[in-house]
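Residues per chain are reported as follows:
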Amino acid sequence: MSYNLLHDVIMYAMLGMALIATYVIVERMIFFSYAMKEGKGLAALVNSHLHDSNLHKALRDQFCDSRAPQGQAMCEIVDAAPMSHAATEFFVQSVYVAKQPLITKRLWLLDTIVTLSPLMGLLGTIMGIIDAFHSLAANGTSDPTAVSRGIGTALFATGLGIAIALYSMAFFNFFGEKVEQVNNQMKLISLKFLATK
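Residues numbered from 1 in each chain as written. Predicted model: local features only at pLDDT ≥ 70, side-chain atom pairs only at ≥ 80, totals over all residues. Heavy atoms only, no water.

**Comments concerning the overall build of the protein chain**
Link 1 in the chain: Each helix and strand counted, the protein chain has seven helices and zero strands in total.
Link 2 in the chain: When the helices and strands of the protein chain are read in sequence order from the N terminus, they spell out α-α-α-α-α-α-α.
Link 3 in the chain: Contacts in the protein chain between residues far apart in sequence, at least 24 positions, make up 82% of those at least 6 positions apart.
Link 4 in the chain: When the accessible area of the protein chain is evaluated, it comes to approximately 11000 Å², of which 67% is carbon and sulfur surface. (Helix = DSSP H or I, 4+ residues; strand = E, 2+ residues; numbered from the N terminus. Contact = heavy atoms within 4.5 Å. Areas by Shrake-Rupley, 256 points an atom, 1.4 Å probe, with all protein chains shown as cover.)

Okay, here's the thing in structure tokens:
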């Protein structure tokens, strides 16, 4: 059994995780920048039309084709059949909950990579060290640089795993804050809209 081959496979798997993390980071960065911008526009529209009977029409015209969760939520609320104030509050809450998967989409991948990459790095290191000691036992060597080179290569896996985890964790925490901001925007806009009913 080639432990060095397993070490290499683990290294390639960690590089794959780094690519997945980068894809999620870029996609979510684009999503949140668009969502925050559109949320500000939606909040400005609701604020400027608080006592205007054309608020429903203005919301439909500007935000019913929206890809941002705030615009989608408001259009669902505006298009809902007339109901009592209490029923409207429950409906708004259900729309808010329904939009959560769109806001937190793919963030579980970053969370998984944060946990998995250091463990895979450690596993890669163990495989590399086992391979170095197998070579030492099989061939015997009086050259310590050959052994230290193998161990150094093995330890690189741990360093790479920790680096991927730190990279992913920084953006996971950043996006956690963005999720809160989008949720707060959605709540605030919904509450102001309910106040007009």
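**Section: helix 2 (residues 55-63)**
Link 1 in the chain: By the burial criterion, the buried members of helix 2 are Leu55, Ala58, Leu59 and Phe63. Looking straight down helix 2, one finds its buried side chains confined to an arc of 100 degrees; they lie on one side. More than 90 degrees from the buried face of helix 2, the exposed residues found are Lys57 and Asp61. (Buried < 20%, exposed > 50% of the residue type's maximum accessible area, 1.4 Å probe, protein only. Arc of directions from axis to C-beta.)

**Quick notes on the nonpolar core**
Link 1 in the chain: If you look at the biggest cluster of nonpolar residues, it comprises 43 residues, and the most contacted ones within it are Met14, Phe32, Leu42, Leu59, Met74, Leu110 and Phe193.
Link 2 in the chain: Per-element tally for this core: the top contributor is helix 1 (residues 3-48), with 15 residues.
Link 3 in the chain: Residues within four places of Met74 in sequence aside, it is in contact with Leu42, Leu59, Ile189, Ser190 and Phe193. (Core = buried A, V, L, I, M, F, W, Y, C linked by side-chain atoms within 4.5 Å.)

**Details of the packing of aromatic side chains**
Link 1 in the chain: Per the stated rule, a full pass over the model turns up five aromatic pairs.
Link 2 in the chain: Ring plane angle 75 degrees and centroid distance 5.1 Å describe the contact between Phe31 and Phe32, whose orientation is recorded as edge-to-face. There is no split in this pair, since Phe31 and Phe32 are both buried.
Link 3 in the chain: In this arrangement the basic side chain of Arg67 is found over the ring face of Tyr34, its NZ or CZ atom lying 4.7 Å from the centre. (Phe/Tyr/Trp six-rings, centres within 6.5 Å; stacked < 30°, edge-to-face > 60°. Lys NZ or Arg CZ within 6 Å of the ring centre and 35° of its normal.)

**So, unusual backbone geometry**
Excluding glycine, residues mostly carry a negative phi; peptide bonds, for their part, are mostly trans.
Link 1 in the chain: Although it is not a glycine, Arg106 sits at a positive phi angle of roughly 70 degrees.
Link 2 in the chain: On the basis of relative accessible area, Arg106 is assigned to the partly exposed category, the value being 23%.

**Structural notes on the packing of helix 2 against helix 3 (residues 69-79)**
Link 1 in the chain: Following both chains from N to C, one finds helix 2 and helix 3 inclined at 140 degrees, their axes separated by 10 Å at the closest point. As judged from the angle between their axes, helix 2 and helix 3 are oblique. When the axes of helix 2 and helix 3 are compared, the crossing they make is left-handed. Here His56, Leu59, Arg60 and Phe63 of helix 2 lie close against helix 3, whose contacting residues are Gly71, Met74, Cys75, Val78 and Asp79.
Link 2 in the chain: Residue classes in the contact of helix 2 with helix 3 are distributed as five nonpolar, two polar and two charged. (Axes fitted to C-alpha atoms, helices over the stretch in contact; angles between N-to-C directions. Parallel < 35°, antiparallel > 145°, perpendicular 65-115°, else oblique. Left-handed = near helix turned anticlockwise from the far one by under 90°. Nonpolar A, V, L, I, M, F, W, Y, C, P; charged D, E, K, R; others polar.)

**A look at helix 3**
Link 1 in the chain: Most of helix 3 sits out of view: eight of its 11 residues are buried.
Link 2 in the chain: Those residues of helix 3 that fall on the buried side of the exposure criterion are Pro69, Gln70, Gly71, Ala73, Met74, Cys75, Ile77 and Val78.

**A short note on the confidence of the model for the protein chain**
Detailed reading of the predicted coordinates is not advisable wherever pLDDT falls low.
Link 1 in the chain: Of all residues in the protein chain, 89% attain a pLDDT of 70 or more, and the chain-wide mean is 84.
Link 2 in the chain: Across the protein chain, the secondary-structure element scoring lowest on mean pLDDT is helix 2, at 73, and the one scoring highest is helix 5 (residues 100-103), at 91. (pLDDT = per-residue confidence, 0-100.)

**A few points about the pattern of salt bridges**
Link 1 in the chain: Considering all chains together, one arrives at three salt bridges under this definition.
Link 2 in the chain: Here Glu27 ties to Arg28 by a salt bridge, and the two come within 2.8 Å at their closest N and O atoms. In terms of burial, Glu27 and Arg28 fall into one category: buried.
Link 3 in the chain: Two residues, Arg106 and Glu27, come together in a salt bridge whose shortest N-O distance is 3.2 Å. In this pair, Arg106 is assigned in the loop between helix 5 and helix 6 (107-139) and Glu27 in helix 1, connecting sequence segments 79 residues apart. (Salt bridge = Lys/Arg side-chain N within 4 Å of Asp/Glu carboxyl O.)

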